[in-house]
Amino acid sequence: MVRWPIRLKLMVGLCVVVGMMLILMGGSIFGLHAFHVSNLSLTDQLRELGASKDLIEAVFRLHAPRERTEEERAALIDVASTAREALTGYFQELKQNTMRGNRANSGLDELGLSFLLDDGLATLLNELRPEGPAVAPMLLGTTYFIAQHPEMLPQLEPAVDLPSRIERLKHIVMLLPKELHEDFFEILSMSKMQYQASRVIVWTASLIVLAMLCGLMALFQRWVLNPVRLLQRGVRRVARGSFDYKIDLNSGDEMEDLAAAFNEMTARISMTYADLEQQVHERSRQLVRSERLAGVGFLAAGVAHEINNPLASIAFCSEALENRVGALAGSADDPDHRVISNYLKMIQEEAFRCKNITEKLLDFARCGDIKRERSDLPSLIQGVVDMIRHIGKYRGKTILFQPKEAVLAHVDSQEIKQVVLNLAVNALESMDAGGTLRIDVRYDHGMAEISFVDNGCGMPPDVLENIFEPFFTRRRDGKGTGLGLSITHRIVNQHHGEITATSQGVGKGSTFRVRLPIHPSEKAEALGDSETRGSHVHAA
């Protein structure tokens, strides 16, 4: 898709607006120009028509003298001179209109009539003043025009005397209004055509501008209003909590980049929200587990104290009965003697087994003084691994521990040894012969991390959810008490660390990770002391 930046779209919109203004301006200017030309033509034609009126009146005042006296001759000479002056004024208007181009035609017919009038008036004055100097035509070009273009002159009868000459002048001057009215009509026709052309141009320009305006509004709707409305809708949806809402905008400009950035932001917010929700869920589970462990510890302490005394009595009585049965004479070969001895030994073993369970319950409920110090975790783990390797039932399984660096943590060494022992034994018990347990220790994000990775039987999701619950066990031999991982979880929490368990599924092994602080914290120490005092109170 071709990208059109907003500035380019704004330039296109500005060009469209400028084009509309130019079209409207052009149509208006053309109409005003046509009106101006028509007005000038009509005005000049009216001036010429007024000048021709004066000329006609002056010529019609000419009349032949009746008595041919000097006074009549002088009066006729004055009227002829006035007619010549009127002819000069008319000729000036005709020449000016012709030079301006404000005529419908070239004006040659009017010029021919003016030259004839000029020649006739000059001939009339020469006839009225025969003794004086000859009067030449007053207009420039009269002699040349009459001599060279006789075909453009109206065909009139020749004048032989003074009355015929005056009648001939009146006849010529009466031809002038006809020519002027024809010119005036042609100017009106031309003005009408210009008006119609102006109207067509104005309406066409208006329609074009209207179409361009509609197109501009459509582009504004597509380029500005729709993207803004989509962005506003997306912001409202996200504000209502729909973090998975995506803005689908393909405008090809900065609006599309803004929508992509907004979608990326909502995706990150959604991921953060999901992560926070998972953390809240996990912390809630840990809180419930801690409360349950505290309650179980309180009950375990009471139950253990109540059970230890009867178990001690049972073990003491069975041991005393065994000694008395062995002291009876002649009873060694009695079959009942052997059965009674076996039962008494079984009673003692089971009593001591129950005592061991109650001791574990007491250890689970009892929180001793924690002595935390700077400890080398690789050395601590190596000691536990060496001890486990000497146990016979684990000799067919491999423990890989190859530390690459010294990792120091602020912990209680004895309790962390118990954690390592519980997790290692739990991993070895989940593996068949030939299985491998890999233990690693390293620094990770400001904490020390110990990982236990085995290729044993693995765990399904329902087991992972309850793996740290007290008395919950999935030992394959059925001999587990379900307290090892609970005690481990409690110890790690008392150290203000974290323990997590993961598995890909049944038969795919398991991974336990323990994270411990590497530096002491005053707040952590204070919380540890308060927990210790509270645990002592519960145990009591």
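Calculation criteria
Residues numbered from 1 in each chain as written. Predicted model: local features only at pLDDT ≥ 70, side-chain atom pairs only at ≥ 80, totals over all residues. Heavy atoms only, no water. Helix = DSSP H or I, 4+ residues; strand = E, 2+ residues; numbered from the N terminus. Contact = heavy atoms within 4.5 Å. Core = buried A, V, L, I, M, F, W, Y, C linked by side-chain atoms within 4.5 Å. Buried < 20%, exposed > 50% of the residue type's maximum accessible area, 1.4 Å probe, protein only. pLDDT = per-residue confidence, 0-100. Pairing = 2+ DSSP bridges. Axes fitted to C-alpha atoms, helices over the stretch in contact; angles between N-to-C directions. Parallel < 35°, antiparallel > 145°, perpendicular 65-115°, else oblique. Left-handed = near helix turned anticlockwise from the far one by under 90°. Phe/Tyr/Trp six-rings, centres within 6.5 Å; stacked < 30°, edge-to-face > 60°. Salt bridge = Lys/Arg side-chain N within 4 Å of Asp/Glu carboxyl O. Expected span 1.5 Å × (residues − 1). Bend = angle between axes of the 7 residues up to and from the residue.

J.: With reference to specific residues and values, describe the overall build of the chain.
T.: Check the secondary structure of the chain and you find twelve helices and seven strands. For the chain, restricting intrachain contacts to residue pairs at least 6 apart in sequence, the fraction spanning at least 24 positions comes to 75%.

J.: Describe in detail the nonpolar core, supporting the description with residues and values.
T.: Of all hydrophobic cores here, the largest spans 41 residues; its most connected members are Leu377, Ile439, Ile450 and Phe512. Per element, the largest residue contribution to this core is eight residues, and it comes from helix 9 (residues 413-429). Those residues in contact with isoleucine 450 that sit more than four places away from it in its chain are Leu377, Ile381, Ile439, Asp440, Val441, Phe512, Arg513, Val514 and Leu516. Core analysis: the next-biggest nonpolar cluster, separate from the first, contains 35 residues, Leu117, Leu125, Leu139 and Phe145 among them.

J.: Explain the environment of alanine 86 residue by residue, including any values.
T.: By the secondary structure assignment, alanine 86 is in helix 2 (residues 70-100). Along the primary structure alanine 86 and isoleucine 56 are separated by 30 residues, whereas in three dimensions their C-alpha atoms are 8.6 Å apart. Aside from chain neighbours lying at most four places away, what touches alanine 86 is Asp54, Leu55 and Ala58.

J.: Residues and numbers for the confidence of the model for the chain, please.
T.: Put simply, the chain has an average pLDDT of 78, and 82% of its residues get 70 or more. Across the chain, element-level confidence peaks in strand 5 (residues 447-454) with a mean pLDDT of 93 and bottoms out in helix 12 (residues 522-539) with 44. Low confidence marks residues 530-540, where pLDDT is under 50. Its contacts with residues over four positions away, or in another chain, come to twelve contacts.

J.: Help me get a handle on the sheet that holds strand 4 (residues 436-444), residues and values and all.
T.: Strand order across the open sheet formed by five strands is 2-4-5-7-6, with mixed pairing between neighbours. Lying at the two open borders of the sheet, with one neighbouring strand each, are strand 2 (398-401) and strand 6 (498-503). Strand-to-strand twist in this sheet, taken as the mean axis angle between neighbours without regard to direction, amounts to 15°. Here strand 4 pairs with strand 5 via eight bridges, running antiparallel. Directly across from isoleucine 439, in strand 5, lies its bridge partner phenylalanine 452. Packed on one face of the sheet, helix 8 (residues 377-389) meets strand 2, strand 4 and strand 5 and runs near 165° to strand 2.

J.: Account for the packing of helix 1 (residues 6-60) against helix 2, naming residues and giving values.
T.: Here helix 1 crosses helix 2 at 165°, and the two axes come no closer than 8 Å. Between helix 1 and helix 2, the angle falls in the class roughly antiparallel. As helix 1 runs across helix 2, the sense of the crossing is left-handed. Each of Asp44, Gln45, Arg47, Glu48, Ala51, Ser52, Asp54, Leu55, Ala58 and Val59 in helix 1 lies in contact with helix 2, whose residues at this interface are Val79, Thr82, Ala83, Ala86, Leu87, Gly89, Tyr90, Glu93, Leu94, Asn97 and Arg100.

J.: Can you lay out the environment of glycine 507 for me, pointing to particular residues and giving the numbers?
T.: Tracing the chain through its elements places glycine 507 in the loop between strand 6 and strand 7 (510-517). Each C-alpha atom of the pair glycine 507 and glycine 458 lies 5.0 Å from the other, and the pair is 49 residues apart in sequence. Residues in contact with glycine 507, not counting those within four places in the same chain, are Gly456, Cys457 and Gly458.

J.: I'd like a rundown of the packing of helix 1 against helix 5 (residues 162-239), residues and numbers included.
T.: Direction vectors running N to C along helix 1 and helix 5 enclose 170°, while the axes themselves pass 9 Å from each other. By the angle between their axes, helix 1 is roughly antiparallel relative to helix 5.

J.: Explain the packing of aromatic side chains to me, and be specific about the residues and the numbers.
T.: All told, the structure shown has one aromatic pair when counted by the stated rule. Seen from their ring centres, phenylalanine 91 and phenylalanine 115 are 6.1 Å apart, and the 45° between their planes marks the pair as tilted. Here phenylalanine 91 is found in helix 2, whereas its partner phenylalanine 115 is found in helix 3 (residues 108-128), with 24 residues between them in sequence. Assessed through its relative accessible area of 11%, phenylalanine 91 is described here as buried. Looking at phenylalanine 115, the relative accessible area reads 6%, which means it is buried.

J.: Give me the lowdown on the pattern of salt bridges, citing residues and values where you can.
T.: According to the stated counting rule, one finds ten salt bridges in the structure shown. A salt bridge links lysine 53 to glutamate 57; the shortest N-O distance between them is 2.8 Å. With lysine 53 and glutamate 57 both in helix 1, this residue pair falls four residues apart, about one helical turn. The exposure class assigned to lysine 53 is partly exposed, which follows from its relative accessible area of 48%.

J.: Tell me about the pairing of strand 6, and name the residues and values.
T.: Here strand 6 shows a buried face lined by Ile499, Ala501 and Ser503 and an unburied face lined by Glu498, Thr500 and Thr502. As judged from the six bridges shared by strand 6 and strand 7, these two strands associate in the antiparallel manner. Across the sheet, the residue bridging to glutamate 498 is arginine 515, located in strand 7. Taking the residues that link successive antiparallel strands as the turn, the strand 6-strand 7 hairpin has six residues, and the phi of glycine 505 there is positive, at about 140°.

J.: Describe in detail the pairing of strand 4, supporting the description with residues and values.
T.: Along any regular strand the residues' side chains alternate between the sheet's two faces. Bridging between strand 2 and strand 4 involves four bridges; their strand directions are parallel. Residue pairing for strand 4: leucine 400 is matched across the bridge by arginine 438. Where strand 4 folds back onto strand 5 in an antiparallel hairpin, the turn is made up of two residues, including histidine 445, whose phi is positive at roughly 55°.

J.: Account for helix 5, naming residues and giving values.
T.: The first and last C-alpha atoms of helix 5 sit 112 Å apart over 78 residues, in line with the 116 Å expected at 1.5 Å per residue. Considering bend angle alone, the principal kink of helix 5 is centred on glutamine 221 and spans about 40°. Looking one or two places after helix 5, you find glycine 241, whose phi comes out positive at around 105°.

J.: Give me the lowdown on unusual backbone geometry, citing residues and values where you can.
T.: Peptide bonds are mostly trans, and most non-glycine residues show a negative phi. One non-glycine residue, histidine 445, lies in positive phi territory at about 55°. By relative accessible area, histidine 445 is classed as exposed at 75%. Backbone geometry at histidine 496 places phi at a positive 60°, although glycine is not the residue there. Turning to its location among the elements, histidine 496 is positioned in the loop between helix 11 (484-494) and strand 6.

J.: Tell me about the side chain of serine 451, and name the residues and values.
T.: Examined against the element boundaries, serine 451 turns out to sit in strand 5. Setting aside anything within four residues of it in sequence, one finds serine 451 in contact with Arg438, Ile439, Asp440, Phe512 and Arg513.

J.: Pulling in residues and values, what's your account of the environment of threonine 123?
T.: Mapped onto the elements, threonine 123 comes out in helix 3. When the C-alpha atoms of threonine 123 and alanine 136 are compared, they prove to be 8.3 Å apart, with 13 residues separating the residues in sequence.

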